[in-house]
Amino acid sequence: MMGRTIFSIFMLTIICSLEVKCAKVVKSGIEQLSLNANRDSRLWTAIGNNGTQEFRVPAQVPGGIYSDLDAFGGIFRNQIYHDYNDVETRWVGRTDWTFTREFDVSNELVSKPRIVLICEGLDTIARVFINNNLVGQGVNMFVRYIYNIKDVLTLGRNEIRVEFQSPVLYAISQYNAHNVSYGYPVLPNNLVPEYRGEDKAQMIRKMQSSFSWDWGPSYPSSGIWKDIYIEGRDGAVIRDVLVFTSTNSQQPDDTDQTTWTLQARVYFDYNSREDEGFLLLQRLDGEFSARIPVSFQNETLVSGSVYRDISISVPGSEARLWWPNGYGNPTLYPYQVTYTASAGDETSSKTFNVGFRTVELIQDPVDISRPHFGNYFYFKVNGIKIYSKGSNSIPIHVLPERITDEMTEWLLTSAHKLHTNQIRVWGGGMYESDLFYDLADKLGIFVWEDFMFACSMYPANDDFLSTVVDEIDTQVKRLQHHPSLLMWAANNENEGALRDNWYGTRDNFEVYRTDFVKLYVNTIIRNVALLDPSRDCLSSSPTNGKKTEEEGWVSEWPGNIRYGDTHPYNYRDDNWDWRWMVSRRSRYASEFGYQSFPYVETLRKVSSNFDQWTWFSEFVDHRQHHPGGQGEIHDLIQSHLPMPTNPNSTEAFPSMLYMAQIMQSMGQKTQTEFYRRNVDKFFVEEDGTGYNMGALYWQLNDIWEGCSWSSFEINGRWKMYAYFAQRAFSPVLASPYKDTNEDVAVEVISDSVQRYTGSLRVRIFKLDSLSPVFDEELSVTADYLTSKEQFRMTSTMLETLQCQANQTGAPCLVYTSMPQLPDNFVFLNYPTDRHYILDPKLKATDIQSSVDGRTITFTLTSEAIAPFVFLNLRDHTNGHFSDNGFVMVEREKVMTYYSRDVMTIDDFVNQLDTTSLFDVTQFADDDHDHDDAVSISAGLVPLVIVFVICFSNGFV
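As the structure is a prediction and not an experimental result, all values here were calculated from the model.

(A) Quick peek at the environment of G93. Inspection of the secondary structure puts G93 in helix 3 (residues 90–93). It is 35 Å that separates the C-alpha atoms of G93 and V554, two residues lying 461 residues apart in sequence. Among residues more than four places away in sequence, those in contact with G93 are Y66, S166, P167, V168 and P220.

This is the structure we're talking about:
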């Protein structure tokens, strides 16, 4: 497009569709006019000028400018996320945008004495005009803004205009202004080049990762990203509700020996001190209720800060406990508060789910006589110690308007299937949608909620702190009532960034430390405590918890494994060997992980030249934002698997993608099992470590089709690691490992509250034979929160089986089985030599479909041990297999594919893609010792052939 070109070219309030209504205010007798509109209605128009062209396109509200421009067509060369679209559209984030529409106001609305415009979310630096009158400004994406518009609204036709300043240019200007005003920079100065993003995100209260991250692209959008509407009323209205539950029992139960007090703290907007009425709290499916009069005659606080408390007593038999996933039912009860004005016909009510549970964060000393051994870090729920299993979530899409209810539901239900009982909502993204937390309530998944500050220093001047207070007020009042909300944390990794000099803070440490305390302690923790005293708020994550507080909120060693939570990463050491992890034997691992790419067909869909991709090609590098990431994965593959002769060829690329998923899965499996085995171990003779009570892997989901640490792709596809996590988080699990003395041990881990009694079968295979060289079955028991050794084979015995560490010949594999529980394995020697990996001739037979077409069953057959069998459907992502990524040591394995869509057998057969390690070997390097460095510029080798099985009428 040359020269100056002019391109000429809603969504109503969401009601939750769960079993009970979500926590939204419903009003009667109060006039409300939604300004939301879908793009096709052409009611909203977005206007911008990038200095070369003027753009005028239909806009959607709620929405964002990238989606509006993308939908119009002809402006972007590529669609969002396709090819280099993130770089090609960088001008969008550097442009000011104006959103405007007209709307009609009725006499009923305009005659109300109190009329306000409510903006649930403005992204981000905004000025709002009604009929050319400035009515308010916004500077924080995470704040609900309410503007008085009574004096500027007219009967009939009106106009609203929302002007957004470029978030990128605003952040730069704020950074420069801070330097001038205060004499020091808010670090970091710049992102590393590999992020391929925009700088200075720390200067704007916006999704930090929208400027890019090491797993995601840069799309710093502008727009009205949440509901916007006008409200007219005569009297007071309920604005927010906080919910508090307390009990007379340290270990509550479902009997009447337990009594609960349910208190609702109801926040009001009121018009005048003459307003009065009645407040009712009631359970919608029962007889429990309370009613109190409400008057505002003596109020001195501003509207919105005024609250009234109302409470009822509930016996335990009518308040069955809410439990996290794996511990019991997450029982929910629907309650409602209703305010009815004494005069007139106005009422407002808010319905919310209540889960009766207690939560305590335990940080007691592990050994009072030896305080240097540190503190515990775990949660008690309803008086019971809980082992935390789960992950960290990032935004489901970088553009919030593209996150559908279906995407959110699929992600949470998939996490639930992995035995997840906790998700940490990471602090560089956004506070998630109401549906996200409603689903967490329903599924029994605790949410560790970070405030949205990550990996940076931040300003601590009065203006910045003021908007942070508004942000806390908005988000705590919105989220606090959820029983799934476990606790708060003030930021992600900022204490470590400060203390460990990530960005050059050492020379001015006290200045940055002062800002840190002002922001996170004096502002966030203090205001959270005022609003929600029922939950802990950590000063950072990771943090040493109480130890950090004792050291003035910035610990000498924020990653001390004897305290608090840690983020232990290591991309260089052998990630199939737990022994390097001893130095990271923390009380609670709240982040850890390895990278991989999505499935090959996922990547093909976002590239116009996929056939040119290689491991170190320009476009793959563009999708890899972690500095040095490609080399790290390459080296891990080379150490463990048959490396292609030329890993940087187009032919080898699909194999490298497949093996990267193996490396991620094995690394995560090894680390997760290591933490779980330490649940009941205290290394008193060594360093006082042990007693691990939490494993939250990084990361749950993808934000785009690129290299990341995720277990689920953005399209919903389960990566190989999702299946490994499902097995590793099994409530009872046999965990085989090679001990420091080269023995093989098997421990049975349990976080099942019921004692396990059953059998354990241990087999040892040579990789080139389906017949085990060792086979033994024994009876085992496992108690809650224990990991006990049940089997040991000495290194001497292994040597007689030719399975010692330095053995030659086919690698050995220890394989464990327990009835109705996941199988597990450990390689005693790594399968780097292609000659010992035989063709399994995998076939799928006896394919059958359920009546509803959503369950496909089949039998997978093999003629040899098949390491890392990976099943995918090329195009269908809305489903998952009963198992995947497994080592197949049997001749047959009955499998199931669970689809959320109706699927025919023909569809399934035509899409099925089956890969095992054998498919790599025919093109692998003969030098299986890998003593020499693998050339990345050598000639090409043939494509790794993915073994595809085609069926007709259920037969091979």
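(B) Structural context of the sheet that holds strand 17 (residues 276–283). Reading across the sheet, the 5 strands line up as 2-21-20-17-18 and stay open at both edges, with antiparallel pairing between neighbours. Because the sheet does not close on itself, it has two edges, and the strands there are strand 2 (25–28) and strand 18 (289–295). Averaged over neighbouring strand pairs, the angle between their axes works out to 20° when direction is ignored. In terms of strand pairing, strand 17 meets strand 20 (residues 333–341) through 7 bridges, oriented antiparallel.

(C) Local environment of the pairing of strand 19 (residues 306–315). Of the two faces of strand 19, only the one carrying V306, R308, I310, I312 and V314 is buried; Y307, D309, S311, S313 and P315 on the other face are not. Relative to strand 19, strand 16 (residues 259–269) is paired through 10 bridges, and the arrangement is antiparallel. In the strand pairing of strand 19, F268 is matched with V306.

(D) Region of interest: the packing of helix 6 (residues 405–417) against helix 7 (residues 434–443). Here helix 6 crosses helix 7 at 30°, and the two axes come no closer than 10 Å. For the element pair helix 6 / helix 7, the angle class is roughly parallel. Note that helix 6 runs across helix 7; the crossing there is right-handed. In this structure, helix 6 uses D405, T408, E409, L412, T413 and H416 to contact helix 7, whose residues at the interface are L435, F436, L439 and L443.

(E) Main features of the state of the cysteines. One pass over the full model with this rule turns up 1 disulfide. Covalently, C803 is tied to C812 through a disulfide, its sulfur atoms 2.0 Å apart. One disulfide, between C803 and C812, carries an S-S torsion of -75° and so falls in the left-handed class.

(F) The arrangement of the nonpolar core in detail. Formed by 259 residues in total, the largest nonpolar core has its most connected members in L117, I524 and F868. When sequence neighbours within four positions are dropped, the list of residues in contact with L117 reads L35, V128, I130, Y145, I146, Y147, I149, I160, I228, Y229 and I230. Within the second largest apolar cluster, 23 residues are counted, among which are F774, L801, C803 and C812.

(G) Region of interest: the layout of surface pockets. Estimated volume of the second largest pocket: approximately 1100 Å³. In terms of lining residues, the second largest pocket is bounded by 45 residues, among which D214, C455, E493, W502 and Y503 are the most central. Considered class by class, the residues forming the lining of the second largest pocket number 24 nonpolar, 13 polar and 8 charged.

(H) Local environment of helix 7. Among the 10 residues of helix 7, 8 are classified as buried, and the element is accordingly described as predominantly covered. Taken together, the buried positions of helix 7 are occupied by L435, F436, Y437, D438, L439, A440, D441 and L443. Considering only its buried residues, helix 7 is in contact with strand 25 (388–393), helix 6, strand 26 (422–425), strand 27 (446–450) and helix 8 (462–479).

(I) Structural context of the pattern of salt bridges. Applying the stated criterion across every chain yields a total of 57 salt bridges. Between D621 and R196 there is a salt bridge; the shortest N-O distance is 2.6 Å. Of this pair, D621 sits in helix 13 (residues 618–622) while R196 sits in the loop between helix 5 (167–182) and strand 13 (223–224), and the two are 425 residues apart along the sequence. Judged by its relative accessible area of 18%, R196 is buried. Two residues, R792 and E789, come together in a salt bridge whose shortest N-O distance is 2.9 Å. For E789, a relative accessible area of 39% puts it in the partly exposed group.

(J) Fine view of the packing of helix 8 against helix 10 (residues 509–531). Between helix 8 and helix 10, the least distance of the axes is 10 Å, while the angle of their chain directions is 30°. When the axes of helix 8 and helix 10 are compared, the crossing they make is right-handed. Along its contact with helix 8, which presents F464, L465, V468, V469, I472, D473, V476 and K477, the element helix 10 presents K518, L519, T523, I524, N527, V528 and L531. Considered class by class, the residues forming the contact of helix 8 with helix 10 number 10 nonpolar, 2 polar and 3 charged.

(K) Representation of the confidence of the model for the protein in the model. Averaged over every residue, the pLDDT of the protein is 93; residues scoring 70 or more account for 94%. Counted against residues more than four places away or in other chains, residues 1–19, with its pLDDT under 50, gives 53 contacts.

(L) Fine view of the sheet that holds strand 14 (residues 228–233). Ordered in space as 3-14-7-11, the 4 strands form an open sheet in which the pairing is antiparallel. Edge positions in the open sheet fall to strand 3 (31–34) and strand 11 (145–148), since each of these has one partner strand only. When strand polarity is set aside, the average angle formed by the axes of neighbouring strands in this sheet is 20°. Sheet analysis places strand 7 (residues 114–119) next to strand 14, joined by 6 bridges and oriented antiparallel. Directly across from L117, in strand 14, lies its bridge partner I230.

(M) Structural context of the packing of aromatic side chains. As enumerated under the stated definition, the model contains 71 aromatic pairs in all. When the centroid spacing of 6.4 Å and the interplanar angle of 85° are considered together, the rings of F724 and F825 count as edge-to-face. In this pair, F724 is assigned in helix 16 (residues 720–728) and F825 in strand 37 (residues 824–827), connecting sequence segments 101 residues apart. Directly above the aromatic system of F683 lies the positively charged group of R585, at a separation of 3.5 Å from the ring centroid.

(N) Fine view of the side chain of T786. In this structure, T786 sits in strand 35 (residues 786–793). Its relative accessible area of 14% is what places T786 among the buried residues. Looking at T786, its side chain comes within polar contact range of the main-chain oxygen of D783, at 2.5 Å. Those residues in contact with T786, other than ones at most four positions away along the chain, are V679, D680, V748, I749 and S750.

Rules and cut-offs
Residues numbered from 1 in each chain as written. Predicted model: local features only at pLDDT ≥ 70, side-chain atom pairs only at ≥ 80, totals over all residues. Heavy atoms only, no water. Helix = DSSP H or I, 4+ residues; strand = E, 2+ residues; numbered from the N terminus. Contact = heavy atoms within 4.5 Å. Pairing = 2+ DSSP bridges. Axes fitted to C-alpha atoms, helices over the stretch in contact; angles between N-to-C directions. Buried < 20%, exposed > 50% of the residue type's maximum accessible area, 1.4 Å probe, protein only. Parallel < 35°, antiparallel > 145°, perpendicular 65-115°, else oblique. Left-handed = near helix turned anticlockwise from the far one by under 90°. Disulfide = S-S within 2.5 Å. Core = buried A, V, L, I, M, F, W, Y, C linked by side-chain atoms within 4.5 Å. 1 Å grid on protein atoms, 1.4 Å probe; cavity = no way out; pocket = protein on both sides within 12 Å on 5 of 7 lines; lining within 4 Å. Points joined across faces, edges and corners; volume = space filled by probe spheres on them. Nonpolar A, V, L, I, M, F, W, Y, C, P; charged D, E, K, R; others polar. Salt bridge = Lys/Arg side-chain N within 4 Å of Asp/Glu carboxyl O. pLDDT = per-residue confidence, 0-100. Phe/Tyr/Trp six-rings, centres within 6.5 Å; stacked < 30°, edge-to-face > 60°. Lys NZ or Arg CZ within 6 Å of the ring centre and 35° of its normal. Polar contact = N/O pair within 3.5 Å; in protein donor to acceptor, adjacent residues only side chain to side chain.

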